[in-house]
Amino acid sequence: MAVATLTQYEAKTYGDIAGGLDGISKEQLDTHFKLYQGYVNNFNTVVQKTAALLEAQDFGPVFNELKRRYAFEFNGVRLHELYFGNLKNQGGELGSGALRGALEAQFGSYDAWATDFKKTGALRGIGWAVLFQDEETGRLFNFFINDHENGMPVGLTPILVMDVWEHAYTGDYKATERGNYIEAFFRNINWPVVEARFGH
């Protein structure tokens, strides 16, 4: 059985933030970019190995385990891209457009939403805090995603992504200082990018 040649996934570059952010150092970002590159490499490896097993019609334990890695490795790639993409040095404040209006309508106020998002990111454990929009209803939700693949909601679009794995901040902060990192993250949100992800 012939299998098509697969194009390798290529890591994106984020030169606009590579020099460091307010409260997130260049060294911390350098470490994080290398980890992201690792996810890209791992995803490419998983795809190529499963393609070879498919061609060989070998659907044993190795194929099974590799298939289970798809979501972890791919989400590790994509969540990091969304995270880096919604950062900007001293990002400023969310404007008075449609996203702010939706947050205020659904959470009562921008501050109430921000408190909920920050507390979601501060939950015990490793993972991600993500503001999602339901593609069907337009409703907004703050989710905590364990690892990369556990708890990922179906049919929701990520609008704002914050990495709260320890590798995202322990170069700059102690493991017990996640709250300080979260405040730094908020100072560097690229709100125009986040607003562009929002489907009115």
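See the structure above.
Our subject in this report is the structure included herewith. Throughout this description, residue numbers start from 1 for each chain and increase along the sequence as written. Only residues with pLDDT of at least 70 are given local features in this predicted model, and only at 80 or more are side-chain atom pairs given and counted; all residues enter the totals for whole chains, interfaces and linings. Hydrogens and waters are ignored; side-chain quantities use all the structure's heavy atoms.

1. Overview of the overall build of the chain
Okay, so step 1: Think of it this way: any DSSP run of H or I at least four residues long counts as a helix, any run of E at least two long counts as a strand, and we number them from the N terminus. Per the secondary structure count, the chain includes 6 helices and 3 strands.
Okay, so step 2: Traced from its N-terminal end to its C-terminal end, the chain shows the element sequence α-α-α-α-β-β-β-α-α.
Okay, so step 3: Taken against the 2.2 N^0.38 rule, which gives 16 Å for 200 residues, the C-alpha radius of gyration of the chain at 18 Å falls within 12% of a compact globule.
Okay, so step 4: Counting only C-alpha atoms and orienting by the principal axes, one finds that the chain spans roughly 55 × 40 × 30 Å.
Okay, so step 5: Here's how the labels work: a residue is buried when its accessible area is under 20% of the maximum for its type, exposed when over 50%, partly exposed in between, all with a 1.4 Å probe on protein chains only. Counting over 200 residues, the chain shows a buried share of 42%.
Okay, so step 6: The contact criterion used throughout is that any non-hydrogen atoms of two residues lie within 4.5 Å. For the chain, restricting intrachain contacts to residue pairs at least 6 apart in sequence, the fraction spanning at least 24 positions comes to 68%.
Okay, so step 7: To be clear on the numbers: accessible area is Shrake-Rupley with a 1.4 Å probe, and residue cover counts the displayed protein chains and nothing else. Only carbon and sulfur atoms are counted for the fraction: they give 51% of the accessible area of the chain, which is about 10,200 Å².
Okay, so step 8: When charges are counted, neither His nor the chain ends are considered; positive counts come from Lys and Arg and negative counts from Asp and Glu. Working definition for charges: the position is that of NZ of Lys, CZ of Arg, CG of Asp or CD of Glu. Measuring between centres, the 18 positive side-chain charges of the chain sit 3 Å from its 25 negative side-chain charges. In this description the radius of gyration comes from C-alpha coordinates, and the expected globular size is given by 2.2 Å times residues to the power 0.38.

2. Quick notes on the packing of helix α4 (residues 110-121) against helix α5 (residues 178-187)
Okay, so step 1: Note on geometry: axes are C-alpha line fits, over the in-contact stretch for helices, and angles between N-to-C directions span 0 to 180 degrees. Contact geometry of α4 with α5 gives a least axis separation of 10 Å together with a crossing angle of 135 degrees. Of the possible angle classes, the one that applies to α4 and α5 is oblique. Every pair of crossing elements has a handedness; the one defined by α4 and α5 is right-handed. Residues Tyr110, Trp113, Ala114, Phe117, Lys118 and Gly121 of α4 form the contact with α5, whose own contacting residues are Arg178, Ile182, Glu183, Phe185 and Phe186.
Okay, so step 2: Polar here means any residue outside two lists: the nonpolar Ala, Val, Leu, Ile, Met, Phe, Trp, Tyr, Cys and Pro, and the charged Asp, Glu, Lys and Arg; Gly therefore counts as polar. Tallied by class, residues from the contact of α4 with α5 come to 7 nonpolar, 1 polar and 3 charged. Should an angle lie under 35 degrees it is considered roughly parallel, over 145 roughly antiparallel, and from 65 to 115 roughly perpendicular; all remaining angles are considered oblique. Handedness of a helix crossing follows the sense of rotation of the near helix relative to the far helix, less than a right angle counterclockwise being left-handed and clockwise being right-handed.

3. Some points on the environment of tyrosine 70
Okay, so step 1: With respect to the helices and strands, tyrosine 70 occurs in helix α2 (residues 61-85).
Okay, so step 2: Owing to a relative accessible area of 25%, tyrosine 70 belongs among the partly exposed residues under this scheme.
Okay, so step 3: Residues tyrosine 70 and threonine 50, 20 residues apart in the sequence, show an inter-C-alpha distance of 9.8 Å.
Okay, so step 4: If we ignore the near neighbours within four places in the chain, the residues touching tyrosine 70 are Phe43, Val46, Val47, Thr50 and Asn75.

4. Observations concerning the sheet that holds strand β1 (residues 127-134)
Okay, so step 1: Here 3 strands make up an open sheet; going across it, the order is β2-β1-β3 and the pairing antiparallel. The sheet is open, and its two edges are formed by β2 (140-146) and β3 (156-163), each paired on a single side. Between one strand and the next, the sheet's axes are offset by a mean angle of 30 degrees, whatever the strand orientation.
Okay, so step 2: As judged from the 7 bridges shared by β1 and β3, these two strands associate in the antiparallel manner. Across the sheet, residue tryptophan 128 finds its bridge partner in β3, namely aspartate 163.
Okay, so step 3: Those strands touched by α2 are β1 and β3, and its axis lies near 75 degrees from that of β3.
Okay, so step 4: Packing of α4 onto the sheet brings it into contact with β1, β2 and β3, and relative to β2 it is tilted by some 10 degrees. Strands pair, by our definition, only if DSSP identifies at least two bridges between them.

What is shown is where atoms sit, not what they do.
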